[in-house]
Amino acid sequence: MAFWLFLQLLINGIIVGSLYALLGISFTAIFAPTRIFHFMHASVYVFSGYFLYQFAMRWGWPLPVSILVAMLLAGMMGVLAERVIYSPLRRMGAGSMEMLLSSFGGYVILQNMILLIWKSDPRTVKIPEFLKNGIPVGLLTFTPMDIITIITSGAALLGIALFMRHTKVGKAMRAVENDPMGATIIGIPTERVRFVSFFLGSALVAVAAAFIVMDKGLEPTIGINAVLVATVAMIVGGVGSYSGAALAGLMIGIAENVGIWQIPSEWKNTITFCVLVLFILFRPRGFFGHRMTRYEG
Amino acid sequence: MIYFVYVISLIAVYGVLTISLNLSVGYTGILSVAQAAFMGIGAYSAAILLTQYGFNFFSTLLVGMAAAGLVSWGLAWATLRLKGDYYVIASFGFQIIIYNIFLNWIGLTRGPFGIRQIPAPRAFGFAFLGPVKYALFTLGVLAVCLWVARRVGESPYGKVLRAIREDEAAAASIGKNVSRYKISIFMVSAMLASVGGALYACLITYIDPFTFTIHESIFILALVIIGGSGNVYGSVIGAAVLISIPEVLRFFDVPTTVASPIREVLYGALMIIFLRLRPRGLLPERITSGAMHR
């Protein structure tokens, strides 16, 4: 019995973890090429949840269409953040600390815009009933929604992997990540690459937001947890490594869900944080990354 | 009039909190978003000990400082080895954990119900009852904090902190134990924040976990930036400006559900505008020693 329970929790962990993997990758797609700690990602995440709510629940659009439009709008928000907040600072020669502080400012503005537009009441995005009916497999249960979640996030992860390896833009993103100056010298339009990475990261976070919101509901404060997971996944995976971030996201999902076995669920964040501290102490380069402790050039 | 005195006390309390964060962000360049967590530790220590155990205010201050010092030592020891941007993530995670503890450890903190009827401080048989006395008391504490922070800033110790901020590897190369400096100033900063938290609890007389979120940390960070990072007087000015301006909104007929988001949008926007147009804040840092020209 305990074994089946463990297996069920493990599978739940993989389902949630696949979304966390998306979160990790979405943050990496922005941080790696631009080196901006894009804290406003939290608000973009929440905004895309509310876009979905607005389209699907208030205007009655079909869910897939609502998700796609929310992705598009989220991507545009990312681009707007780069255009309005980060790029003027960069031209001034501001450092990463100023960028981060401005990002906090932007976060505060966006969060309060959510309060003004949608109020702070919890909202839900309903999915068709048949997607929630459990299918028993042995002593385990799945819902069709679980399967859709896994397939979608798997497809998104695969898509990103192919995009980064085989397209010109993806390669340009990796080049800018490696050496922004060198990339500029050989004629890569770094400015445009940054826009692409903001669009990509923000659209991806909308996918994760959509599935998490359909499962757990929507409140203005949920972005903080998402960014905690995303950043921890990025660090634990090794900064700059997309597969590392995905793997780490998966691991956090599993750790949280298997942890529920022994630990009440309100301490989920604590588990995530402990994963981070353990990695900082014992493997500061993460799974596949570079060192991030001090005295590195 | 009472209301005016209350705003003065609030400014003094936030002055203390802003100075505390300025020690780590402004002097040393350790960007942290966990200040509200340490503020909360001080506030809860004061609230619990005053309401349930009848401690006197100054011993609760000491307990709160000890708790904040211990916790900050643990956090600093585990995570300050990270480089700047990554350290922020650690402090961010830590902030969320402490908030979770305030919210979920109901036996200790009464969770979401909060703690009510926190009494005014009393010491040596004299109670700081009434808004005017309490305002004078907070201003006194603020003055002490200012004095301490200035002394720290001008001391040789403070100069090493600035050297670490400018170039950590260089500071290490001339034989300074960078970790020890960072950990110690971080602890001082956390302890001062807990004092600010205790003052806050006694001023408002009611606390709940929702005060000590990351938003509060970001707000204190905004006060540091707008006032001028590295300048402790700037911190007081920043607190005075950012707390008094939105209070003016109260005199217009705006419902609270709209007024408080607007107030926050205002300080978020100010933060961005200052970073763009006047990154060194209202009162920029002044370097007293000739050896420290930038």
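Rules behind the numbers
Residues numbered from 1 in each chain as written. Chains lettered and ligands numbered in written order. Predicted model: local features only at pLDDT ≥ 70, side-chain atom pairs only at ≥ 80, totals over all residues. Helix = DSSP H or I, 4+ residues; strand = E, 2+ residues; numbered from the N terminus. Rg over C-alpha atoms; globule rule 2.2 N^0.38 Å. Buried ≥ 20, exposed ≤ 12 C-beta atoms within 10 Å, placed from the backbone. Contact = placed C-beta atoms within 7 Å. Expected span 1.5 Å × (residues − 1). Nonpolar A, V, L, I, M, F, W, Y, C, P; charged D, E, K, R; others polar. Core = buried A, V, L, I, M, F, W, Y, C linked by C-beta atoms within 7 Å. pLDDT = per-residue confidence, 0-100. Axes fitted to C-alpha atoms, helices over the stretch in contact; angles between N-to-C directions. Parallel < 35°, antiparallel > 145°, perpendicular 65-115°, else oblique. Left-handed = near helix turned anticlockwise from the far one by under 90°.

### Remarks on the overall build of chain A
Of the regular secondary structure elements, chain A holds eleven helices and two strands. Over its C-alpha atoms chain A spans a radius of gyration of 19 Å, differing by no more than 12% from the 19 Å that the globule rule assigns to 297 residues. By principal-axis analysis of the C-alpha atoms, chain A measures approximately 60 × 45 × 35 Å. A burial count over chain A gives 50% of its 297 residues as buried.

### Topic: the overall build of chain B
Summing up its helical and strand segments, chain B has twelve helices and two strands in all. Seen in sequence order, chain B has helices and strands lined up from the N terminus as α-α-α-α-α-β-β-α-α-α-α-α-α-α. Since a compact globule built from 294 residues should have a radius of gyration of about 19 Å, the 19 Å found for chain B is in line with a globular shape. With respect to the principal axes defined by its C-alpha atoms, chain B has extents near 55 × 40 × 35 Å. Within chain B, the proportion of its 294 residues that are buried is 52%. A separation threshold of at least 6 residues defines the contact pool for chain B, and within that pool the share at least 24 residues apart is 80%.

### What about helix H3 (residues 57–79) of chain B?
With 23 residues, H3 of chain B ought to run about 33 Å at 1.5 Å a step, and its terminal C-alpha atoms sit 32 Å apart, in line with that. Three or more residues of H3 of chain B are buried, namely Phe57, Thr60, Leu61, Val63, Gly64, Met65, Ala68, Ser72, Leu75, Ala76 and Thr79 of chain B.

### Some words on unusual backbone geometry
Working note: non-glycine residues mostly have negative phi, and peptide bonds are mostly trans. Although it is not a glycine, Arg35 of chain A adopts a positive phi angle of roughly 60°. As for its position among the elements, Arg35 of chain A is in the loop between helix H1 (2–34) and helix H2 (41–58). Even without a glycine there, the phi angle at Arg110 of chain B is positive, about 60°. Position of Arg110 of chain B relative to the elements: it lies in the loop between helix H5 (106–109) and strand E1 (122–123).

### Let's talk about the interface of chain A and chain B
On the side of chain B, 37 residues touch chain A, which itself brings 36 residues to the contact. Counting only elements with at least two residues in the side of chain A that touches chain B, the list comes to helix H3 (63–92), helix H4 (96–118), helix H9 (222–237) and helix H11 (268–282) of chain A. A per-element tally of the side of chain A that touches chain B places H4 of chain A first, with 14 residues. Residues of the side of chain A that touches chain B, tallied by class, amount to 24 nonpolar, nine polar and three charged.

### A closer look at the nonpolar core
Formed by 198 residues in total, the largest nonpolar core has its most connected members in Leu23 and Ala233 of chain A together with Val16 and Leu221 of chain B. Apart from the residues lying within four places of it in its own chain, the contact partners of Ala233 of chain A are Tyr20, Leu23, Gly24, Ala245, Ala248, Gly249 and Ile252 of chain A.

### Re helix H10 (residues 214–227) of chain B
Under the 1.5 Å per step criterion, the end-to-end length of H10 of chain B is 20 Å for 14 residues, consistent within 8% with the ideal 20 Å. Gly228 of chain B, located one to two residues past H10 of chain B, shows a positive phi value of around 125°.

### Considerations on the confidence of the model for chain B
Residues and elements named next belong to chain B. Chain-level pLDDT for chain B is 87 on average; 95% of the residues reach the 70-or-more range. Predicted confidence is poor over residues 290–294, with pLDDT under 50, and the contacts of this stretch with residues over four places away or in other chains come to four contacts. Model confidence for the complex: the whole-complex pTM is 0.90, and ipTM, which rates the interface, is 0.88.

### Regarding the environment of Ile96 of chain B
Within the secondary structure, Ile96 of chain B sits in helix H4 (residues 84–104). Taking the C-alpha atoms as reference, Ile96 of chain B lies 30 Å from Asn56 of chain B; in sequence the two are 40 residues apart. The contacts of Ile96 of chain B, once residues within four sequence positions are left out, are Ile224, Leu228 and Asn269 of chain A together with Ile214 of chain B.

### Quick notes on the packing of helix H1 (residues 2–27) of chain B against helix H6 (residues 131–154) of chain B
Packed helices, taken two at a time, are described by their axes: the angle between them and the distance between them. All names here are of chain B. The geometry of H1 relative to H6 is characterised by a closest axis approach of 9 Å and an angle of 20° between their N-to-C directions. If you check the angle between H1 and H6, you find them roughly parallel. Note that H1 runs across H6; the crossing there is left-handed. In terms of residue class, the contact of H1 with H6 is built from 21 nonpolar, four polar and no charged.

### Here we look at the environment of Tyr86 of chain B
All names here are of chain B. Looking at the element boundaries, Tyr86 is found in helix H4. For Tyr86, a count of 21 C-beta atoms within 10 Å gives the class buried. Tyr86 sits 16 residues away from Phe102 along the chain, and the two C-alpha atoms are 25 Å apart.

### Side note on the confidence of the model for chain A
Note that predicted coordinates carrying low pLDDT should not be read in detail. Counting all residues, the mean pLDDT for chain A is 89, and 97% of those residues have values of 70 or more. The secondary structure element of chain A with the lowest average pLDDT is H11 of chain A, at 81, and the one with the highest is H2 of chain A, at 95.

### Concerning the environment of Gln35 of chain B
All names here are of chain B. Tracing the chain through its elements places Gln35 in helix H2 (residues 35–52). Placed 84 residues apart in sequence, Gln35 and Pro119 show a C-alpha to C-alpha distance of 24 Å. Setting aside its immediate chain neighbours within four residues, Gln35 contacts Leu17, Ser20, Leu21, Ala193, Ser217 and Ile220.

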